[in-house]
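Results of the structural survey
The residues making up each chain are set out below.
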Amino acid sequence: MARPRTFEEDAAVEAAMRAFWRAGYEATSTQDLCAATGLGRSSVYNAFAGKHDLFRRALRRYMDQRDAALAELMDGELPVREKVATVLGWAVAPDPDDPDGCLVVNSMIELGPRDAEIAEMLRRDTELRVGIMRAAFEQARTRGELAPDKDPLALARFVTATVSGLRVLARGGADRAALESVARTALGVL
């Protein structure tokens, strides 16, 4: 008879997500995952079918959390400029308990070129985020918050690329002043 699981799967995925976020996929060993999750090697493989499956689930968790926060913000009543300032602020001054950078951006760079399954997850996630922002920019243009000649799709792509760039700069050690200057410049486009 199989033994029942004695761990909280969501907590293990969250802990693995943070381990992958800190070090990347390749640099995170099974032993690192065991240490992060508190699980033994056999439990990791029994519960998650291996490192890649655990990574896929951790990445999905990260994307779902970030996308939900973005959708909630963009669906809110703030003026679009304040919405974009908030999104940029998440990249400029992230939660101090979070690892540097962004798991999505890090994964695009590390795995996107060589892991078709992860690349497809990342592509769909980017489309979703761009779509969420595009809808907010379209609504803002309708309300007169944006000039009629502003392209909502181009703006959504621009903000997405700017946030990704800010995350890369932060991971590379850029200071807060440098990140704020990029965010201010991006806001000037609206």
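Residues numbered from 1 in each chain as written. Predicted model: local features only at pLDDT ≥ 70, side-chain atom pairs only at ≥ 80, totals over all residues. Heavy atoms only, no water.

1. With respect to the overall build of the protein chain
Applied cut-off: Numbering of helices and strands runs from the N terminus, with a helix taken as a DSSP run of H or I at least four residues long and a strand as a DSSP run of E at least two residues long. Two residues qualify as a contact provided that any one of their heavy atoms is within 4.5 Å of a heavy atom in the partner residue. Every accessible area reported is derived by Shrake-Rupley at a probe size of 1.4 Å, with residue values counting cover from the shown protein chains alone. Only four residue types enter the tally: Lys and Arg on the positive side, Asp and Glu on the negative side, with His and both chain ends excluded. Note that the charge is assigned to NZ on lysines, CZ on arginines, CG on aspartates and CD on glutamates.
Across its full length, the protein chain holds nine helices and zero strands. Counted from the first residue to the last, the protein chain has its helices and strands arranged as α-α-α-α-α-α-α-α-α. Expressed along its principal axes, the backbone C-alpha trace of the protein chain runs to roughly 65 × 35 × 30 Å. Taking the intrachain contacts of the protein chain between residues at least 6 apart in sequence as the baseline, contacts between residues at least 24 apart amount to 69%. Of the accessible surface of the protein chain, which amounts to about 10,000 Å², a share of 53% is contributed by carbon and sulfur atoms. Within the protein chain, one finds 26 positive and 29 negative side-chain charges whose respective centroids are separated by 2 Å.

2. Considering the pattern of salt bridges
The line we're drawing: One speaks of a salt bridge when a side-chain nitrogen belonging to Lys or Arg is within 4 Å of a carboxyl oxygen belonging to Asp or Glu. Each residue gets one of three labels from its accessible area relative to the maximum for its type: buried under 20%, exposed over 50%, partly exposed in between, using a 1.4 Å probe on protein chains only.
Going through the model one piece at a time under the given rule, you end up with 18 salt bridges. The partner of Asp98 in a salt bridge is Arg18, and the shortest N-O contact between them spans 2.8 Å. Within this pair, whereas Asp98 is found in the loop between α5 (80–92) and α6 (103–110), its partner Arg18 is found in helix α1 (residues 9–23), the two being separated by 80 residues in sequence. A relative accessible area of 19% places Asp98 in the buried class. The network of salt bridges with common partners includes Asp10, Glu14, Arg18, Arg61, Arg66 and Asp98.

3. Examining the side chain of Thr162
Tracing the chain through its elements places Thr162 in helix α8 (residues 152–171). The class of Thr162 is buried, set by a relative accessible area of 12%. Non-local contacts of Thr162, meaning those with residues more than four positions away in its chain, are made with Leu88, Val182 and Ala186.

4. Notes on the nonpolar core
Basically, it comes down to this: In this description, a nonpolar core means a group of buried Ala, Val, Leu, Ile, Met, Phe, Trp, Tyr and Cys residues linked to one another through side-chain atoms lying within 4.5 Å.
By size, the foremost hydrophobic cluster in this structure holds 28 residues, and its most contacted members are Phe20, Leu54, Phe55, Leu59 and Leu103. Those elements that place two or more of their residues in this core are α1, α2 (30–37), α3 (41–48), α4 (51–75), α6 and α7 (116–142). Of all the elements, α1 adds the most residues to this core, at seven residues. The residues contacting Phe20, other than those within four sequence positions of it, are Tyr25, Thr28, Leu33, Lys51, Leu54, Phe55, Ala58 and Leu103. Ranked by size, the runner-up nonpolar core spans 27 residues in total, among them Leu73, Val80, Val87 and Ala136.

5. Describing α6
Of all the residues in α6, the buried ones are Leu103, Val104, Val105, Asn106 and Ser107. On its buried side, α6 packs onto α1, α4, α7 and α8.

6. Looking at the environment of Ala93
For Ala93, the position within the fold is in the loop between α5 and α6. Considering only alpha carbons, one finds Ala93 and Ala49, 44 residues apart in sequence, at a separation of 36 Å.

7. Describing the packing of aromatic side chains
Note the cut-off: In this scheme Phe, Tyr and Trp rings, the latter by its six-membered ring, pair at centre separations within 6.5 Å, and the angle between planes marks the pair as stacked below 30 degrees, edge-to-face above 60, and tilted otherwise.
Under the criterion given, the structure shown has four aromatic pairs. Ring centres of Phe20 and Phe55 lie 4.9 Å apart, and the angle between their planes is 90°; this geometry places the pair in the edge-to-face category. Remark: Phe55 occurs in helix α4 and Phe20 occurs in helix α1; sequence separation between them is 35 residues. With a centroid separation of 4.9 Å and 80° between ring planes, the pair formed by Trp21 and Tyr62 is classed as edge-to-face.

8. A closer look at the packing of α7 against α8
Just so we agree on the cut-off: Convention adopted: a line fitted to C-alpha atoms gives each axis, helices being fitted over their contacting stretch, and angles between N-to-C directions are expressed from 0 to 180 degrees. Relative orientations are named as follows: roughly parallel for angles under 35 degrees, roughly antiparallel for angles over 145 degrees, roughly perpendicular for angles from 65 to 115 degrees, and oblique for any other angle. A crossing counts as left-handed when the near helix is turned anticlockwise from the far one by less than a right angle, and as right-handed when that turn is clockwise. When residue character is reported, Ala, Val, Leu, Ile, Met, Phe, Trp, Tyr, Cys and Pro are called nonpolar, Asp, Glu, Lys and Arg charged, and the others, Gly included, polar.
With their axes 8 Å apart at the nearest point, α7 and α8 run at an angle of 130° to one another. As far as their axial angle goes, α8 and α7 are oblique. For the pair α7 and α8, the crossing hand works out as right-handed. Contact residues: α7 offers Thr126, Arg129, Val130, Met133, Arg134, Phe137, Glu138 and Arg141, while α8 offers Pro152, Leu153, Leu155, Ala156, Arg157, Val159 and Thr160. Of the residues in the contact of α7 with α8, the class split is eight nonpolar, two polar and five charged.

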